[in-house]
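Here is how the chains run, residue by residue.
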Amino acid sequence: LPVSGRPSTGPVVSLRMDSASLVAPQRRCCTVHLLQPRLFLTKIVVVVLASFAFIPLIAAHDQGKVSALVYAIVLVVLHVAFIIIYFYRVRCRELDQGNWRSLGARILGLAVCILLLWLVARSTTSAHDDTLWILALEILGLCTVHIIILALLMVAVRWPVGDEATKGGTDSVGDPGVPPAYDEQA
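All of the points below concern the structure found in this document. If you're wondering where the values come from, they're calculated on a predicted model, not measured in any experiment.

Procedures and definitions
Residues numbered from 1 in each chain as written. Predicted model: local features only at pLDDT ≥ 70, side-chain atom pairs only at ≥ 80, totals over all residues. Heavy atoms only, no water. Helix = DSSP H or I, 4+ residues; strand = E, 2+ residues; numbered from the N terminus. Buried < 20%, exposed > 50% of the residue type's maximum accessible area, 1.4 Å probe, protein only. Axes fitted to C-alpha atoms, helices over the stretch in contact; angles between N-to-C directions. Parallel < 35°, antiparallel > 145°, perpendicular 65-115°, else oblique. Left-handed = near helix turned anticlockwise from the far one by under 90°. Contact = heavy atoms within 4.5 Å. Nonpolar A, V, L, I, M, F, W, Y, C, P; charged D, E, K, R; others polar.

**Focus: the environment of Leu103**
Here comes step 1: As for its placement among the helices and strands, Leu103 is situated in helix α4 (residues 100-123).
Here comes step 2: Under the relative-accessibility criterion, Leu103 is labelled partly exposed at 28%.
Here comes step 3: For the pair formed by Leu103 and Cys92, sequence separation is eleven residues and the distance between their alpha carbons is 9.5 Å.

**Looking at the packing of helix α1 (residues 37-62) against helix α5 (residues 132-154)**
Any two packed helices are characterised by how steeply their axes cross, that is the angle between the axes, and by the distance between the axes.
Here comes step 1: Packing of α1 against α5 brings their axes to within 10 Å, and their N-to-C directions diverge by 150 degrees. On the basis of the axis angle, α1 is roughly antiparallel to α5. The two elements α1 and α5 cross, and the hand of that crossing is right-handed. For the pair α1 and α5, contact is made by Leu39, Phe40, Lys43, Ile44, Val47, Val48, Ser51, Phe52, Ile55 and Ile58 and by Leu132, Leu135, Ala136, Ile139, Leu140, Cys143, His146, Ile147, Leu150, Ala151 and Met154, respectively.
Here comes step 2: Across the contact of α1 with α5, the residue classes tally to 18 nonpolar, two polar and one charged.

As structure tokens, this is what we get:
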């Protein structure tokens, strides 16, 4: 009888279990590790130093000592340098090993970081507003997002050795990296 004391009107469920049903399903987990930690730290130092070195230029521009054209050129050069730093010695094919879900998550993370950079940049004060320490905190926020972007570009995702993800399995929509046990059609 069910807990309520009334007879059940639903289907009968067997509570018998054989030894095969006691085996835990194999978990499909991955490991994430940082490729080239020393290079990662070097990139962080360069990005942080370049970002904070930009503060005097912001102050000079706000005081009218630097023209808008020079300011814009330096800003563009700085961002092109950041892109070069981001992708220096990064082998994109090694990061996800052909797993489309991992790649999709990485691209989504990068898109969120770009949105965060845009939001922080929109709210950044100028050097003549309040004090420079507020601008320094805002630059620190930008640096934090830049570090997350660097991590997204330098962290490798590895699937277990016996996993179908490394053998080219596909899920129900044809994405590689999903074992057949997780395929809805299997």
